[in-house]
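Close look at the chain arrangement
Each chain, letter by letter, is given below.
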Amino acid sequence: MKCQEVRLRLEAFHDRAADAELNSRIAEHLEGCSSCDGALAQLRALRTLLLKSSIPAPSAALARGLMEAFHQEHKQTAKTIPWWRKAFGSSITVPAPALAAAMIVIAIGIAAANIIGRNAAIASLSDATSAVSTSVPPPPSISPEIIERTKFVEVPVVEERVVTKVIYVERENKNIQTEKLKSSDSKQKSPNNKGRENSEMQTAANPDLKMSGEVAENGYFTRTDLSGFRPESVIKAKIIREGKNDEK
Amino acid sequence: MTSPKEDLIDTDSIAEGDTQAFTKIYNIYWERVYGFAYRMTGDQPTAEDVTHEAFLVLIRHPKRYHPERGSMMTFLCAVARNCIFHHFRRRGYEIDDAFDEQSSVSTFIATEKNPLNYLLERELAEKVNESVALLPVLQREVLILREFQELSYEEIAAVVGGEVNVVKARLYRARQTLAKRLAPYMTVKGERCYEMPGS
């Protein structure tokens, strides 16, 4: 093998990308050629030098942020992995007919147990029925004084093609509404005195949010006036994938 | 091309929300993905953002990973590469394979304060980082993927979406340039080297 051929394939040899036959031929040549051997030594020296460079460790926020994103993504869609899958791995599959037969057997068993249990319960409770009056507690009622409104704020993220919807809930009680009505009346009478208060109230009561788009260096942003609104305890995201909406 | 680590990958479990499955993959690959992003951008917050985005794709779309097309490392690096190039383009950098250094993206490598004992090593490391950062983007990425991430030519070609021969050519040019820049720091068989033989 000539030096010129070796030089063309020396990097592949250095990167262990050459096949076994080529490797042995190059190695054979290198034993008797100090020039080509020197070139290989240069490549090795460069690699050694490169590996001396270090990089700073990332902050803990990287892992934390990803775990949060993972939990957020699977908040509603996460399924409980069956114990038999955890124990035996995901490769185990149960044949459909066997699964159906097992389900039928289990269903029959549950029905039989219910019938037997019900008869026993009726017998044991028959004496006590006259003495104890069963009363179903009324469902918890929502206070009529609180009115909830849901506002959607759409924040398009161009890179991801994801539209995030944050739900803001405005809570008002009737007293505030009454005040609004009063202030609206007073606005008509003396707009100068109550001007600022009225404008705030109108913003809160206005069903249409004021939104404005802005293209900045880092992407597209939407500014929204959210005065009078506060975020719900659970922030929901709405992701649009190829035109299909997925509530998250 | 798959490694023994690939056996541990279970994207089905990730799709089902299995935290352990995701943590396992994250622990295997985060360092290499972050290393690739940092060496490409030279900026820690950007590298963290890129790493975050790469794993976020895995969280949201685990089925996009096809083992028959390449390793998980290849998949994550390809996603990270898209994020990095998007980052470059957003800043108006030109991405080409030009030999002209002026047209390439030169990133600033942040320096850190270190103990005096490690001053020389740190200086050398900074010099190496600077030299790598001055390479044209397309040459830099193949060099990083080969020398630091230890991907094969085929895997690098899969990440950058090009031919193996193109990868080899870019790698060759990157090494030639680096050898010239770092010649005063290179030691070959106990002697200082000032020029790459065969260049």
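Residues numbered from 1 in each chain as written. Chains lettered and ligands numbered in written order. Predicted model: local features only at pLDDT ≥ 70, side-chain atom pairs only at ≥ 80, totals over all residues.

**Notes on the overall build of chain A**
Of regular secondary structure, chain A possesses eight helices and seven strands. By residue count, 8% of the 248 residues in chain A fall in the buried class. Sequence separation of 24 or more characterises 50% of the internal contacts of chain A that already satisfy a separation of 6 or more. (Helix = DSSP H or I, 4+ residues; strand = E, 2+ residues; numbered from the N terminus. Buried ≥ 20, exposed ≤ 12 C-beta atoms within 10 Å, placed from the backbone. Contact = placed C-beta atoms within 7 Å.)

**Quick word on the overall build of chain B**
Scanning chain B from terminus to terminus reveals eight helices and two strands. Overall, chain B shows an N-to-C arrangement of helices and strands of α-α-α-α-α-α-α-α-β-β. Partitioning the intrachain contacts of chain B with sequence separation of at least 6 by distance along the chain shows that 62% fall at a separation of at least 24.

**So, the interface of chain B and chain A**
If you look at the interface, chain B gives 48 residues, while chain A gives 35 residues. When residues of the side of chain B that touches chain A are traced back to their parent elements, those giving at least two are α1 (11-15), α2 (19-41), α3 (44-60), α5 (119-133), α6 (137-148), α8 (164-181) and β1 (187-188) of chain B. Among the elements that take part in the side of chain B that touches chain A, α3(B) stands out by supplying eight residues, more than any other. Residues of the side of chain B that touches chain A, tallied by class, amount to 22 nonpolar, twelve polar and 14 charged. (Nonpolar A, V, L, I, M, F, W, Y, C, P; charged D, E, K, R; others polar.)

**Quick word on the confidence of the model for chain A**
Residue and element names in this part refer to chain A. Per-residue confidence for chain A averages 63 on the pLDDT scale, and 38% of its residues sit at or above 70. The element-level mean pLDDT for chain A is lowest in helix α8 (residues 195-205), coming to 38, with helix α2 (residues 20-32) highest at 91. Here residues 157-166 is modelled with pLDDT under 50, and outside its nearest four sequence neighbours on either side it reaches 23 contacts, counting other chains as well. Low pLDDT, under 50, characterises residues 171-206; the predicted model gives this stretch 23 contacts beyond four residues in sequence or across chains. (pLDDT = per-residue confidence, 0-100.)

**Observations regarding the nonpolar core**
Within the largest apolar cluster, 57 residues are counted, with the highest numbers of intra-cluster contacts made by Val33(B), Ala37(B), Leu76(B) and Ala80(B). Those residues in contact with Ala80(B) that sit more than four places away from it in its chain are Val33(B), Phe36(B), Ala37(B), Val50(B), Thr51(B) and Ala54(B). (Core = buried A, V, L, I, M, F, W, Y, C linked by C-beta atoms within 7 Å.)

**Digging into the confidence of the model for chain B**
Residues and elements named next belong to chain B. With 76% of its residues at a pLDDT of 70 or more, chain B shows a mean pLDDT of 80. In the model of chain B, strand β2 (residues 191-192) stands out as the element of lowest mean pLDDT, 58, in contrast to α6, which has the highest, 94. Contacts for the low-pLDDT stretch residues 99-114, under 50 throughout, to residues beyond four places or in other chains number 28 contacts. Confidence metrics for the complex model read pTM 0.56 and ipTM 0.77.

**A closer look at α3(B)**
Every α-helix winds through 3.6 residues per turn, so residues three or four apart in the chain are directed the same way. With 17 residues, α3(B) extends 24 Å from end C-alpha to end C-alpha; this agrees with the ideal 24 Å at 1.5 Å per step. Buried residues of α3(B): Ala47(B), Val50(B), Thr51(B), His52(B), Glu53(B), Ala54(B), Phe55(B), Leu58(B) and Ile59(B), and no others. For α3(B), the secondary structure elements touched by its buried residues are α4 (60-73) of chain A together with α1, α2 and α4 (72-90) of chain B. (Expected span 1.5 Å × (residues − 1).)

**Brief notes about the packing of helix α1 (residues 3-14) of chain A against helix α3 (residues 34-50) of chain A**
Residue and element names in this part refer to chain A. Contact geometry for α1 and α3: axes closest at 10 Å, N-to-C directions at 25°. Classed by the angle they form, the pair α1 and α3 counts as roughly parallel. Handedness of the crossing formed by α1 with α3: right-handed. Counting all contacts with α1, which are made through Cys3, Val6, Arg7, Leu10, Glu11 and His14, the residues of α3 involved are Ser35, Cys36, Ala39, Leu40 and Leu43. Broken down by class, the residue content of the contact of α1 with α3 amounts to seven nonpolar, two polar and two charged. (Axes fitted to C-alpha atoms, helices over the stretch in contact; angles between N-to-C directions. Parallel < 35°, antiparallel > 145°, perpendicular 65-115°, else oblique. Left-handed = near helix turned anticlockwise from the far one by under 90°.)

**Looking at the packing of α1(A) against α2(A)**
All names here are of chain A. Where α1 contacts α2, the axes come no closer than 11 Å and their chain directions differ by 115°. In the crossing of α1 with α2, the sense of the turn from one axis to the other is left-handed. Counted together, Val6, Arg9 and Phe13 of α1 and Leu22, Asn23, Ile26 and His29 of α2 form the full contact between these two elements. In terms of residue class, the contact of α1 with α2 is built from four nonpolar, two polar and one charged.

**A closer look at the environment of Leu138(B)**
Residue and element names in this part refer to chain B. Tracing the backbone shows leucine 138 in helix α6. Assessed through the 21 C-beta atoms surrounding it within 10 Å, leucine 138 is described here as buried. With 98 residues separating them along the chain, leucine 138 and methionine 40 place their C-alpha atoms 9.9 Å apart.

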